[in-house]
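Listed below are the residues making up each chain.
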Amino acid sequence: MTNEPISDNVLLQVRDLKKHFPITGGLFRKTVGYVKAVDGVSFYIKKGETLGLVGESGCGKTTTGRTVLRLLEPTGGEIIFNDPDLGPVHIEQLHRSEMQIVRPRMQIMFQDPFSSLDPRMTLERLVAEPLRINKVMHGQALRNRVGELLELVGLRHEYMTRYPHAFSGGQRQRIGIARALALNPRLVICDEPVSALDVSIQAQVLNLLEDLQARFDLTYLFIAHDLSVVEHISDRVAVMYVGFLVEMATTDELYYHPKHPYTEALMAAIPKPNPRMRTRPIKLPGEVASPANPPSGCYFHPRCRYAQDICSEERPSLRDIGGEHWVACHFAEELELAGLEAQQAM
Amino acid sequence: MENNDDIVLRVEGLYTYFHTTLGTVRALNGVSYTVPRGKVLGIVGESGCGKSVTSLSIMQLVPPPGKIEQGKIWFRAARRGGEWIEITQLDRHSEEMHQLRGDEISMIFQEPMTSLNPVFTIGQQIGETVQLHQGVDREEARQRSIDVLEQVAMPNPERIVDNYPHQLSGGMRQRAMIAMALSCTPTMLIADEPTTALDVTTEAQILDLMRELQADIGMSIMFITHNLGVIAQMCDEVAVMYLGQIVERAPVDNLFFNPKHPYTTALLKSIPHIGSRSRDRLASIRGMVPDPYSTVPGCPFHPRCDSFMPGICDADMPEITPVEPEHYVRCYLYE
């Protein structure tokens, strides 16, 4: 993506983001290589929209989310947070003390509702913690705000003195949502928020996230591996493969008219909940490339059935092929790829 | 026992309880069903509904303090000329039970890493099953291992046969597990969430493989999952479980296009239907699955049901009734 100034309706612009983890070995723990978990990721999220970030395990989705918040220090690239009150802020250049100003505006909710809550804190303390740390309020005002937040996420006031073990998975995820929303954030990074939940509970949490988004004008980066859930909740979707974004488009464009061969394979692989739509998967030979030792050229080329000579030589960059459809493939314009087939509702 | 050729397994009125210090967990509350020959029966339900305990009961592998309290399980053993064996009469440690497990009925578990032994090679683990049940020597068992690895489309089987589980990726481990389960060409395969831990492209390939093998070998599969998408792609018939009971049983097309039980309907409405291009709100099921130590009077689903009829649904358990040929529902709306 070019270095043009950020437009007003974009809340977060990420350019060429990199996060490399050193691999150490030997007696003196010398650095012998790098795991390039995130390797040149660029995307933007507009105000009030949901950008879905999908990809298979180990592709760097979660690392991307955490690096954007600087829970992990980026190795390179730009993260520009365009807060309406603060103006565009280069997150990657901020000093630790300056991070405190933007932290309340960017929050995260985690996948595992069982390990992300301190078992020794009551519900009241858990939800009050972000308010207390940021010295937003105290005393009666704090208690009122906690009550308000609990009501917002559908938890009863009587539960205030209970500990996390007394809550079910769905309720714990609601606690995580209350904590993330406590400081009135603009951007919420949802890292697999419903993967650990049963389907009936998953629907409750997804509906809650949608309601809260409409009510507080929230912007979501929704990280998930479940393509059906992402299709349901996202306005636009970005697909990652081995630390790199291979495609980004509006949800319908991406699902029905994919332009990258990896996205095509993902779409064919979704187990559709319709016995009249039984599909054969596209065979991807070999295994997902290792981010410590990626192949030359396009990282997907050893598994791609359309690969040609140039694919092993030159790494394609992510480019706009029109209509906000971004693809990293040399042959994006030429290939005729199959997307989902529209079906009538049941 | 009736002599119905189309059935390989019959479960009748099965009650499996876990007597813990905190109380009794009624994991199975009178489950009855049959597994058709050469078909895939899907068992679907949310966590804690008893799907896995059903399969463990068949294998007599329910871990203590769990116990089969009541009910009967019959299995038609192909190796014995189609004789009906009453599994519930056998001791779990008996020679007969050992004969059944792995040879006649095999099982694939969710997590291939914890079900493979890390200190033996893939070949040794597959070979063990073959040596045990078919009485062949080590050299032949190794050859047979390579053959089945080839059958499950494992790349480079001659090399993989000498690899240890940690050297394989998740998808390859699950292929190795399937190879092990198929090594003795079982009459029935129980697959307990076999693809849940896998990525979507790997999952699709494993499901495709299982469908192909099923058509080739003609075995019966009991496919346990919580994923309705996988059910739609894999199964011929489906049983929906809720709180230790089968609430609906139907051919797969009927279940998705003409569901009867309020729980099935609600479950289908609560998942995002990919390809429907609708951004409508999902219909969630209110409340949650009750705590496992409690007992719900009447129909177990009544506290969460939109069609709840006071005085009827909370009084007695409804009977399972046919609404159409091969379509059964346990609900007062249809009695």
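Quick summary incoming for the structure in this document.

Cut-offs used in this document
The residue numbering used here restarts from 1 in each chain and proceeds along that chain's sequence as written. All chains are assigned letters beginning with A, and all ligands numbers beginning with 1, in the order in which they are written. This being a predicted model, a pLDDT of at least 70 is required before a residue's local features are given, and a value of 80 or more before pairs of side-chain atoms are given or counted; all residues contribute to the totals for chains, interfaces and linings. Secondary structure follows DSSP: runs of H or I at least 4 residues long count as helices, runs of E at least 2 residues long count as strands, and numbering of each begins at the N terminus. It is the C-beta atoms, placed from the backbone, that decide contacts: two residues are in contact if theirs lie within 7 Å. To form a nonpolar core, buried Ala, Val, Leu, Ile, Met, Phe, Trp, Tyr and Cys residues must be joined through C-beta atoms within 7 Å. Partly exposed residues are those whose C-beta has more than 12 but fewer than 20 other C-beta atoms within 10 Å; with 20 or more the residue is buried, with 12 or fewer it is exposed, and the C-beta atoms are placed from the backbone. Under the scheme applied here, ten amino acids are nonpolar (Ala, Val, Leu, Ile, Met, Phe, Trp, Tyr, Cys and Pro), four are charged (Asp, Glu, Lys and Arg), and all others, including Gly, are polar. What makes two strands pair is DSSP finding at least two bridges between them. Note on geometry: axes are lines fitted to C-alpha atoms, helical ones only across the stretch in contact, with angles between N-to-C directions running from 0 to 180 degrees.

With that settled, the discussion passes to the overall build of chain A. A count of helical and extended segments in chain A gives 10 helices and 12 strands. By its C-alpha atoms, chain A is 70 × 55 × 50 Å across when sized along the principal axes. A separation threshold of at least 6 residues defines the contact pool for chain A, and within that pool the share at least 24 residues apart is 65%.

Let's shift gears to the nonpolar core. Ranked by size, the top nonpolar core spans 195 residues in total, and within it V127(A), L221(A), F222(A), Y241(A), L245(A) and A179(B) carry the most contacts. When neighbours within four sequence positions are excluded, L245(A) is seen to be in contact with V41(A), S42(A), F43(A), A238(A), M240(A), L318(A) and A328(A).

Now for the interface of chain B and chain A. Opposite the 38 residues of chain B that make contact, chain A presents 39 residues. Contributions of two or more residues to the side of chain B that touches chain A are made by α8 (200-217), α9 (228-234), α10 (252-257) and α11 (262-270) of chain B. Top contributing element to the side of chain B that touches chain A by residue count: α8(B), with 6 residues. Split into classes, the residues belonging to the side of chain B that touches chain A amount to 17 nonpolar, 14 polar and 7 charged.

Our focus in this paragraph is the sheet that holds strand β5 (residues 83-86) of chain B. All names here are of chain B. Read across the open sheet, the 4 strands follow the order β2-β1-β4-β5; overall the sheet is antiparallel. Whereas interior strands pair on both sides, the edge strands pair on one side only; in this sheet they are β2 (23-36) and β5. For this sheet, the mean angle separating the axes of adjacent strands, direction not counted, is 10 degrees. In this sheet, β5 lies alongside strand β4 (residues 66-77) in antiparallel orientation, the contact comprising 4 bridges. The residue bridging A77 from the neighbouring strand is E83, located in β5.

Residue and element names in this part refer to chain B. Here Y334 is to be found in the segment after β12 (327-330). Note: C-alpha distance between Y334 and T321 (13 residues apart in sequence) is 7.3 Å. Dropping the residues within four chain positions of it, Y334 is found in contact with K260, T321, V323 and V329.

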